[in-house]
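# Structure at a glance
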Amino acid sequence: MNKNLIRVNKKQETNPLLKTNRFQYTLVDDPTMPEDYDLNNEQTSVLFLSMQYHQAYPLYIVGRLDELARQRKNRNRILLCLMDNQSKSGGENDNAPLNSLTMQCMKFETTLLICWSFEEAAQYIQTLKAYEAKTQTLLEGKHLTFSTNANLTHLEQAGEVLSSIRRVNKTDARNLLQTYGSISGVIGVENYEEFLNIEGIGQNKIDSITACFRGRFHAK
């Protein structure tokens, strides 16, 4: 099989991200295939999730993550989540689903990538495929996977997640978590320019955080 083609689970056939023509793929009709997108390199498997769907059926992704971890335990496992549930209420519970999803990804040692459109989702997959020739687990200068050592607290694991972002170090991560309380609290900040008030965080780090969590940069 052509290694340049991404193997796509037939269940994803109607996913609009495939219409962006960002990458070449072949549909695979195999009910035993645990991932949605197999980069066809025996290294990386990707699941796709709509946050709207997750809020309606929260147990769905737990089963998918568990199955992927069992069948692809030696691969980089990635959950690509489309944030299509944006609320205008501003309530404190708005980020609860994302916080829960983050914890599930930690449990199953899966990297969570957030996107805000189908175009961005497709671009992530294209980038992951492009980076395979350079290194197995490197994206934007940092490892895709993070430690889920059972001896670490959730706060320590959250710190590792944040410090895996390019340019963000462990001190930055600790300061962000102390200020906003959780990863979802950091992600949910309306204007990331607020981070300039935290010692050690400048515009370059804000740009990296924005690119990671929102897939775009704030205008300067």
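Going by the structure above, here's the rest.
Residues numbered from 1 in each chain as written. Predicted model: local features only at pLDDT ≥ 70, side-chain atom pairs only at ≥ 80, totals over all residues. Heavy atoms only, no water.

## Things to note about the overall build of the protein chain
A tally of helices and strands in the protein chain yields eight helices and eight strands. Out of the 220 residues in the protein chain, the part that is buried amounts to 47%. Considering only residue pairs separated by 6 or more positions, the protein chain has 62% of its internal contacts joining residues 24 or more positions apart. Counting only carbon and sulfur atoms, one obtains 47% of the accessible surface of the protein chain, whose full area is about 11600 Å². (Helix = DSSP H or I, 4+ residues; strand = E, 2+ residues; numbered from the N terminus. Buried < 20%, exposed > 50% of the residue type's maximum accessible area, 1.4 Å probe, protein only. Contact = heavy atoms within 4.5 Å. Areas by Shrake-Rupley, 256 points an atom, 1.4 Å probe, with all protein chains shown as cover.)

## As for the pairing of strand β6 (residues 111-115)
Most of β6 sits inside the fold, with five of its five residues counted as buried. What you see with β6 is no split at all: Thr111, Leu113 and Cys115 on one side and Leu112 and Ile114 on the other are buried throughout. In terms of strand pairing, strand β5 (residues 76-82) meets β6 through five bridges, oriented parallel. Each residue of the ladder has a partner; that of Leu82, found in β6, is Cys115. (Pairing = 2+ DSSP bridges.)

## Observations concerning the environment of Leu196
Its place among the elements puts Leu196 in the loop between α7 (183-187) and α8 (203-214). In this structure the C-alpha to C-alpha distance between Leu196 and Ile206, which are ten residues apart in sequence, comes to 7.9 Å. When sequence neighbours within four positions are dropped, the list of residues in contact with Leu196 reads Ile201, Gly202, Gln203 and Ile206.

## Re the packing of aromatic side chains
Here a ring pair, both rings aromatic, is described through the centre-centre distance and the interplanar angle of the planes. Applying the stated criterion across every chain, the model contains seven aromatic pairs. Considering the side-chain rings of Phe23 and Tyr25, the 6.1 Å spacing of their centres and the 65° angle between planes classify their relative orientation as edge-to-face. Judged by its relative accessible area of 33%, Tyr25 falls in the partly exposed class. Judged by centre distance (6.4 Å) and plane angle (90°), the ring pair of Phe23 and Tyr37 falls under edge-to-face. Within this pair, whereas Phe23 is found in the loop between β1 (6-9) and β2 (25-28), its partner Tyr37 is found in strand β3 (residues 37-38), the two being separated by 14 residues in sequence. Judged by its relative accessible area of 13%, Phe23 is buried. Judged by its relative accessible area of 0%, Tyr37 falls in the buried class. Members of the aromatic cluster, each reached through a chain of ring pairs, are Phe23, Tyr25 and Tyr37. (Phe/Tyr/Trp six-rings, centres within 6.5 Å; stacked < 30°, edge-to-face > 60°.)

## Quick notes on a nonpolar patch on the surface
Nonpolar side chains collect at one region of the surface, where Tyr53, Tyr57 and Tyr60 lie side by side and expose about 300 Å² of accessible area between them. Structurally, Tyr53 can be placed in helix α1 (residues 51-56). You can call Tyr53 partly exposed: its relative accessible area is 37%. (Patch = residues over 30% accessible without salt bridge, like charges linked within 9 Å, V, L, I, M, F, W, Y side chains within 5 Å. Salt bridge = Lys/Arg side-chain N within 4 Å of Asp/Glu carboxyl O.)

## Section: the pattern of salt bridges
Summed over the entire model, instances satisfying the criterion amount to nine salt bridges. For Arg64, the salt bridge is made with Asp36, and the minimal N-O distance between the two is 3.0 Å. Here Asp36 lies in the loop between β2 and β3 and Arg64 lies in helix α2 (residues 60-71), a separation of 28 residues in the sequence. Taking the relative accessible area as the measure of exposure, Asp36 reaches 2% and is therefore buried. By sharing partners, the salt bridges in this structure join Arg7, Glu35, Asp38, Arg72 and Arg75 into a single network.

## Let's talk about unusual backbone geometry
One non-glycine residue with positive phi stands out, namely Asn21, at about 60°. Along the polypeptide, Asn21 turns up in the loop between β1 and β2. Here the phi dihedral of Glu109 falls at roughly 50°; this positive angle occurs in a residue that is not glycine. Summarising the element assignment, Glu109 is placed in the loop between α3 (96-107) and β6.

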